[in-house]
Amino acid sequence: MEMIEIPKTEYERMKHQIAKLRQLEKIDFDLIRQFKDSLEDVKEGRIRKVA
C-alpha cells in the first residue's frame, strides 16, 4: 500500500466531508421525491380538501 502525506488541516477537512456523506446515506430519497411530487400537486391545484 502506498503512503502519502497531507497537512493535518486537509485530513480534518476530509474527515468532515466523510461525516457529511455518511449522514446523506441515511436520507430517504423516495420520501423526498414524494414530498416534491405532493408540493407540485398543491401548486397545480390537484389537491382536494377532505373534511
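In this report, the structure presented in the accompanying data block is examined.

What counts and how
- Residues numbered from 1 in each chain as written.
- Predicted model: local features only at pLDDT ≥ 70, side-chain atom pairs only at ≥ 80, totals over all residues.
- Heavy atoms only, no water.
- Helix = DSSP H or I, 4+ residues; strand = E, 2+ residues; numbered from the N terminus.
- Rg over C-alpha atoms; globule rule 2.2 N^0.38 Å.
- Buried < 20%, exposed > 50% of the residue type's maximum accessible area, 1.4 Å probe, protein only.
- Lys, Arg positive; Asp, Glu negative; His and termini not counted.
- Charge placed at Lys NZ, Arg CZ, Asp CG, Glu CD.
- Patch = residues over 30% accessible without salt bridge, like charges linked within 9 Å, V, L, I, M, F, W, Y side chains within 5 Å.
- Areas by Shrake-Rupley, 256 points an atom, 1.4 Å probe, with all protein chains shown as cover.
- Salt bridge = Lys/Arg side-chain N within 4 Å of Asp/Glu carboxyl O.

## A closer look at the overall build of the chain
Helix and strand counts for the chain stand at two helices and zero strands. Compactness check: the chain gives a C-alpha radius of gyration of 21 Å against a globular reference of 10 Å for 51 residues, more than 25% above the reference. For the C-alpha atoms alone, the extent of the chain along its principal axes is close to 65 × 20 × 15 Å. Taken over 51 residues, the chain has a buried fraction of 0%. Side-chain charges of the chain comprise 12 positive and 11 negative groups, with the mean position of each set lying 7 Å from the other.

## Remarks on a nonpolar patch on the surface
Together, Leu-21, Leu-24, Ile-27, Phe-29 and Ile-32 give the surface a local cluster of nonpolar side chains, amounting to about 480 Å² of exposed area. Taken together, the elements giving at least two residues each to the nonpolar patch come down to α1 (8-25) and α2 (29-44). Checked against the element boundaries, Leu-24 lands in helix α1.

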